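# Coordinates in review
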Amino acid sequence: MSPASTGASTVVDAVPSLPASDSRLTPGGPGYRRMSFALFLAGVATFALLYSTQALLPLISGEFSVTASQASWTVAAATGGLALFVLPMSALSERFGRRTVMTWSLAVAVTIGMLVPFAPSLGWLVVLRGLQGAALAGLPASATAYLAEEVRPRALITAIGLFVAGNSVGGMSGRVITGWVAQEWGWRVAVGAIGVLAVGCAVAFRLLLPAPRHFQAGSLRPRVLLRTVRDHLADPLLRRLYAIGALFMTVFGGVYTVIGYRLTEAPFSLPQGLVGSIFLVYLVGTVSASTAGRLVGRLGRRGALYLAGGTTATGLLLSLADSLPLVLLGLILITAGFFAGHAVASSAVSKTATTGRAQASALYQSAYYIGSSAGSTVGAIAFHSGGWAGTVGVGVLAVLGVVTITVFGSRAARVERRVAAV
């Protein structure tokens, strides 16, 4: 989960040729498919658990008699917990290994997931969701660091794209399953069903993921960690990538937190099962994320980011219509643009950081999920005060931020080239 370059600088440019003896994984080579499928399943479990309450917010609002903005805290707490703990978890992965941290993170998260359906109040539900998000923090940064170490550079964006595709499948399946299950048996049983799905993914992940061959344990000393973080934050390109990830996720978090309320109200008045099925559009994200490498190859990193931002903005504007087909088309474009932009941005972080990759990825993930929490909360508040148009307004402003940062990065790159040529 990592890069963008201004952000867009990522992956296919100037990768040095590798010696024939390079033992890192490559498409078609032994272990690559197992690794890809294992991390795909980890992505499924992560997003299914992280957003397990998002499609159920109208039902949660009804049971606890709370507003959309109050119920949205069940999403914001999980993403906020992940944002706060992703950096400490990345430090643990530097010391104890990526696979170990990912395994324990999933184990704790699925255990909490089996407790969530029994939350007696909204307060307890928010607390459990926050703890679940904190546990899941060991996955994103560790996964991208694992890939950066174990996969050959030219295959990195494709491998990360598959992991991000797992995120989209997890997000989709979680919402679709919870929608239909909740329609028959209520939101508590629906969340429990997601917990069971995540248990299966976690077990398969641990059995399939190859043992790391290129991991070198680092230090847990706080001084070393802080110096690494400081160095990453001092890098202008990384700062731009972090901001782009946060802004893209602000759009996505706001839209998908509020869309359930919009579709269950007039003029659509859809039942909960159909509202959950709307999230089948995540399949578009699976495709756009997994093809991000080819997109960068044709357009360059910045071109890919412009296209992703333009696609997302077009989808936001289309979703304003009181026509269900146009709303669905808008959601498809928003989803495609978001996942493409996220895959480009996240892989660029892993490519840009030559040391402390777990911390670099962790900072990206932290910014990314802060954006998710902000989008969920601000998007719900905007919906409460201005309806769907208010939520769309928040998203459009975030996309404008992505475009502005990318333009600034392009100019900075030109200045650097001029200076180097002098």
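The residue count restarts for each chain, going from 1 along the sequence in the order it is written. Residue-level local features of this predicted model are given only where pLDDT is at least 70; pairs of side-chain atoms are given and counted only at 80 or more, and the full residue set underlies all totals for whole chains, interfaces and linings. Values shown for side chains rest on all heavy atoms present in the structure; no hydrogens or waters enter the calculation.

### Notes on the overall build of the protein
Comment: elements are numbered from the N terminus, with helices defined as DSSP H or I runs of at least four residues and strands as E runs of at least two. On a plain count of helices and strands, the protein comes out with 16 helices and zero strands. The globule rule used for comparison is 2.2 Å times the number of residues to the exponent 0.38, while the radius of gyration itself is calculated over C-alpha atoms. Relative to the 2.2 N^0.38 estimate, which gives 22 Å for 422 residues, the radius of gyration of the protein is 20 Å and therefore close to what a compact globule would have. Each principal axis of the C-alpha distribution contributes one length, and for the protein these read about 60 × 45 × 40 Å. Burial status follows relative accessibility: with a 1.4 Å probe on protein chains alone, a residue under 20% of its type maximum counts as buried, one over 50% as exposed, and anything between as partly exposed. Relative to its full complement of 422 residues, the protein shows a buried share of 60%. Of the contacts made within the protein by residues no fewer than 6 positions apart, 85% connect residues no fewer than 24 positions apart. Accessible surface area values rest on a Shrake-Rupley calculation with a 1.4 Å probe, where residue burial reflects the displayed protein chains alone. Of the roughly 15900 Å² of accessible surface on the protein, a fraction of 67% belongs to carbon and sulfur atoms. We call two residues in contact whenever any of their non-hydrogen atoms come within 4.5 Å of each other.

### Observations concerning the packing of aromatic side chains
The criterion for an aromatic pair is that two Phe, Tyr or Trp rings (for Trp, the six-membered ring) have centres within 6.5 Å, with stacked assigned to planes under 30 degrees apart, edge-to-face to planes over 60 apart and tilted to the rest. Taken as a whole and judged by the stated rule, the model has 12 aromatic pairs. Measuring from ring centre to ring centre gives 5.3 Å for Tyr-256 and Phe-279, while their planes differ by 40°; the resulting arrangement is tilted. Taken together, the positions of Tyr-256 in helix H11 (residues 236-264) and Phe-279 in the loop between helix H12 (272-277) and helix H13 (282-290) put the pair 23 residues apart, joining distant regions of the chain. Per residue, the accessibility class of Tyr-256 equals that of Phe-279, and both read buried. Of the aromatic side chains, those joined through ring pairs into one cluster are Phe-252, Tyr-256, Phe-279, Phe-338, Phe-339, Tyr-364, Tyr-368 and Tyr-369. We call a charge positioned above a ring when the Lys NZ or Arg CZ atom is no farther than 6 Å from the ring centre and deviates by at most 35 degrees from the ring normal. One Lys or Arg, Arg-95, reaches over the ring of Phe-96 and ends 5.5 Å from the middle of that ring.

### What about unusual backbone geometry?
The amide bond that connects Ala-266 to the next residue, Pro-267, takes the cis arrangement and shows omega of 10°. Note that Pro-267 resides in the loop between H11 and H12. Even without being glycine, Ser-65 reaches a positive phi, approximately 55°. The residue Ser-65 is located in the loop between helix H2 (57-64) and helix H3 (68-71) in this model.

### Quick look at the pattern of salt bridges
Salt bridges are defined by distance alone: a side-chain nitrogen of Lys or Arg within 4 Å of a carboxyl oxygen of Asp or Glu. Per the counting criterion, the structure on display carries four salt bridges. Across the pair Arg-98 and Glu-149 runs a salt bridge whose closest N-O atoms are separated by 2.3 Å. Here Arg-98 is found in helix H5 (residues 98-115), whereas its partner Glu-149 is found in helix H7 (residues 140-150), with 51 residues between them in sequence. Each member of the pair, Arg-98 together with Glu-149, is buried. A salt bridge links Asp-322 to Arg-262; the shortest N-O distance between them is 3.2 Å. Of this pair, Asp-322 sits in the loop between helix H14 (292-318) and helix H15 (324-352) while Arg-262 sits in helix H11, and the two are 60 residues apart along the sequence. For Arg-262, a relative accessible area of 8% puts it in the buried group.

### Re the confidence of the model for the protein
Scored from 0 to 100, pLDDT reflects the predictor's confidence in each residue. The predicted model of the protein has a mean per-residue pLDDT of 84, with 91% of residues at 70 or higher. When mean pLDDT is compared element by element in the protein, helix H6 (residues 122-136) scores highest at 96, while H13 scores lowest at 78. Note that residues 1-20 has pLDDT below 50 and, in this model, 99 contacts with residues that lie over four places away or in other chains.

### Topic: helix H4 (residues 73-96)
By definition here, a helix of n residues has an expected span of 1.5 Å times n minus one. A rise of 1.5 Å per residue sets the reference length of H4, with its 24 residues, at 34 Å; its end C-alpha atoms lie 32 Å apart and thus fit the reference within 8%. What the bend at a residue measures is the angle between two axes, fitted to the seven residues ending there and to the seven starting there. Of all the bends in H4, the greatest reaches close to 45° and is centred on Val-86; the proline Pro-88 follows between one and four positions later. Just downstream of H4 lies Gly-97, where phi reads positive at about 105°.

### Brief notes about the nonpolar core
For soluble globular proteins, nonpolar side chains are generally found buried alongside one another. As used in this record, nonpolar core signifies buried Ala, Val, Leu, Ile, Met, Phe, Trp, Tyr and Cys residues forming a set joined through side-chain atoms within 4.5 Å. Core analysis: the biggest nonpolar cluster contains 126 residues, and Met-35, Leu-39, Ile-60, Leu-147, Tyr-256 and Tyr-369 have the highest contact counts within it. No other element matches the 16 residues that H11 contributes to this core. When neighbours within four sequence positions are excluded, Tyr-256 is seen to be in contact with Gln-54, Arg-175, Phe-279, Val-281, Tyr-282, Leu-331 and Thr-335.

### As for the environment of Gly-285
Looking at the element boundaries, Gly-285 is found in helix H13. Sequence-wise, Gly-285 and Ala-165 are 120 residues apart; in three dimensions their C-alpha atoms are separated by 6.8 Å. When sequence neighbours within four positions are dropped, the list of residues in contact with Gly-285 reads Ser-168, Thr-335 and Phe-339.

### Concerning a nonpolar patch on the surface
On the surface, a nonpolar cluster with roughly 440 Å² of combined accessible area is contributed by Met-114, Val-196, Val-199, Val-203 and Leu-207. Ranked by the residues each element gives to the nonpolar patch, the list is headed by helix H9 (residues 187-208), at four residues. Tracing the sequence through the fold places Val-203 in helix H9. Only residues whose relative accessible area exceeds 30% and that form no salt bridge enter a patch; like-charged residues are grouped when within 9 Å of one another, and nonpolar side chains (Val, Leu, Ile, Met, Phe, Trp, Tyr) when within 5 Å.

### Focus: the packing of helix H1 (residues 32-50) against H5
Geometry is summarised by axes, namely lines fitted to C-alpha atoms with helices restricted to the contacting stretch, and by angles between N-to-C directions that run from 0 to 180 degrees. Interaxial distance between H1 and H5 falls to 11 Å at its minimum, and their mutual angle equals 35°. Where H1 crosses over H5, the handedness of that crossing is left-handed. In contact with Leu-39, Ala-42, Ala-45 and Leu-49 of H1, H5 contributes Met-102, Leu-106, Ala-109 and Val-110. A crossing counts as left-handed when the near helix is turned anticlockwise from the far one by less than a right angle, and as right-handed when that turn is clockwise.

### What about the packing of H5 against H9?
Contact geometry for H5 and H9: axes closest at 9 Å, N-to-C directions at 160°. It follows from the interaxial angle that H5 and H9 lie roughly antiparallel. With respect to the hand of their crossing, H5 and H9 are arranged in left-handed fashion. In this structure, H5 contributes Arg-99, Met-102, Thr-103, Leu-106, Val-110 and Met-114 to the contact, and H9 contributes Gly-192, Gly-195, Val-196, Ala-198, Val-199, Ala-202, Phe-205 and Arg-206. Amino acids outside the nonpolar list (Ala, Val, Leu, Ile, Met, Phe, Trp, Tyr, Cys, Pro) and the charged list (Asp, Glu, Lys, Arg) are all regarded as polar, and Gly is one of them. Taken together, the residues that form the contact of H5 with H9 break down as nine nonpolar, three polar and two charged. Should an angle fall under 35 degrees it is called roughly parallel, over 145 degrees roughly antiparallel, and 65 to 115 degrees roughly perpendicular, with every other angle called oblique.

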